[in-house]
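Examination of the molecular architecture
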Amino acid sequence: LLDKTQWETPHQFNPNHFLDAEGNFVKREAFLPFSTGRRNCIGESLAKMELFVFFVGLLQTFTFQPQPGVSESDLDLTVPQTTFTLRPQPQATCAVVR
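The notes below deal with the structure included here. Keep in mind that this is a model prediction, so the values were computed, not measured.

Each value, and the rule that gives it
- Residues numbered from 1 in each chain as written.
- Predicted model: local features only at pLDDT ≥ 70, side-chain atom pairs only at ≥ 80, totals over all residues.
- Heavy atoms only, no water.
- Helix = DSSP H or I, 4+ residues; strand = E, 2+ residues; numbered from the N terminus.
- Contact = heavy atoms within 4.5 Å.
- Salt bridge = Lys/Arg side-chain N within 4 Å of Asp/Glu carboxyl O.
- Buried < 20%, exposed > 50% of the residue type's maximum accessible area, 1.4 Å probe, protein only.

**Observations concerning the side chain of H17**
When you line up the elements, H17 lands in the segment before α1 (44-61). With residues up to four places along the chain from it excluded, the contact list for H17 reads W7, E8, T9 and R28.

Right, dumping it as structure tokens:
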């Protein structure tokens with residue numbers, strides 16, 4: 001995800017990397033989260049289903065927004081420095097029950 005030859009903005013969170021001009025999902029060849037070929041992840045379909053159920057449950061129950069007094073433009077969505085593992089930065093957010 002950090003290859004400048006494959007992604008327009010590799011160091012910023014950009015969901016548009018996976019959308020075409022009409023807003024439809026596009027599978028990119030450069031994105032292989034579960035590997036490919038003979039050694040691909042055997043639990044890929046289960047992992048995808050579990051993530052889908054988990055996040056849909058959150059999005060159906062809560063509305064996520066920045067903390068009071070913080071605007072969306074103040075949030076830091078840049079990718080942290082790459083190390084052996086890519087750790088997400090902590091973000092303070094409010095989950096408001098719908």
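**Examining the pattern of salt bridges**
Think of it this way: side chains of opposite charge can pair up when their charged atoms draw near. Under the definition given, this model contains 1 salt bridge. When the shortest N-O distance is used, the salt bridge between E44 and K48 registers 3.0 Å. Here the residue E44 and the residue K48 both occupy positions in helix α1, the gap between them amounting to 4 residues, near one helical turn. Here E44 falls in the partly exposed class, since its relative accessible area comes to 23%.

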